[in-house]
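# Residue-level structure breakdown
Listed here are the chains, written in short residue letters.
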Amino acid sequence: MRVLQERTLERVGGSRQIDVDVRVVAATNRDLGQMVREGRFREDLFYRLNLFPIALPALRHRPADILPLASTFFLRARRRLGKPDVELSAEAAALLQSYAWPGNVRELENVMERAAILSESTLLPGDLPPLARELTSAAAIHAPYAVPEAAPSGKTVRELEKDAIVAALHGQNGNRTRAAAQLGISLRTLQYRLKTYGISGV
């Protein structure tokens, strides 16, 4: 607070105040306003940090950002490894956009660094980890952030996906592991979908 408020500091073990002229950029995935109301975060610090707030939606709500970020991370990693610049294949790009990225940008960066190590030339689906490839085997399952499209039944893709999940769970007597296998996705992805769609008690 003293650094932010008075723009001065003292070195550990020192006795002289040092003037500082800095700008502080802070980020969090917590609701600091709520934490202040609950008494779990200093109110004075919150208002000093909250001068120019920028709310950044999760990556799954910004599908247009996925490929530019993926390409940047991929090329940066390849150059660090001394490998030539190559592009993402259309199939790999489609997979990257179909994944929900629960770990946000950090997860995407880790996936692309791994892909840069494994790929010899153009990035192919096989260079991506199973976590980002798992949606390929279930044509009825789509990313939860996907823009709804009209389906022959009149339902949106999101509604069809929810129906498919509920039907699989009913067909497997509520066993999530078998339902995930039936849908062709991992148990982790199924659990994410259940939370996303508020499905419980099936």
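You'll find the structure just up there.
The structure reproduced in this document is the subject of the present report. (Residues numbered from 1 in each chain as written. Predicted model: local features only at pLDDT ≥ 70, side-chain atom pairs only at ≥ 80, totals over all residues. Heavy atoms only, no water.)

The subject of this paragraph is the overall build of the protein chain. Check the secondary structure of the protein chain and you find ten helices and two strands. Looking at the protein chain as a whole, 33% of its 202 residues are labelled buried. Surface accessibility of the protein chain: about 13000 Å² in total, with carbon and sulfur atoms responsible for 53%. (Helix = DSSP H or I, 4+ residues; strand = E, 2+ residues; numbered from the N terminus. Buried < 20%, exposed > 50% of the residue type's maximum accessible area, 1.4 Å probe, protein only. Areas by Shrake-Rupley, 256 points an atom, 1.4 Å probe, with all protein chains shown as cover.)

It is worth spelling out helix α10 (residues 187–197) at this point. Residues of α10 that are buried: T189, L190, Y192, R193, L194 and Y197. Phi for G198, located one or two positions after α10, is positive at around 65°.

On to the packing of helix α4 (residues 63–80) against helix α5 (residues 90–98). The geometry of α4 relative to α5 is characterised by a closest axis approach of 9 Å and an angle of 130° between their N-to-C directions. Judged on the interaxial angle alone, α5 and α4 are oblique. Of the two possible hands of crossing, α4 and α5 adopt the one that is right-handed. Between α4 and α5, the residues in contact are P63, I66, L67 and A70 and A93, L96 and Q97, respectively. (Axes fitted to C-alpha atoms, helices over the stretch in contact; angles between N-to-C directions. Parallel < 35°, antiparallel > 145°, perpendicular 65-115°, else oblique. Left-handed = near helix turned anticlockwise from the far one by under 90°. Contact = heavy atoms within 4.5 Å.)

Enumeration over the complete set of coordinates arrives at two aromatic pairs. Measuring from centroid to centroid gives 5.0 Å for F46 and Y47, while their planes differ by 70°, and the two rings are edge-to-face. The exposure class of F46 is buried, given its relative accessible area of 13%. Ring geometry for Y99 and W101: centres 4.6 Å apart, planes at 85°, overall edge-to-face. Neither residue differs from the other here; Y99 and W101 are each classed as buried. (Phe/Tyr/Trp six-rings, centres within 6.5 Å; stacked < 30°, edge-to-face > 60°.)

Just geometry here; none of it tells us what the structure is for.
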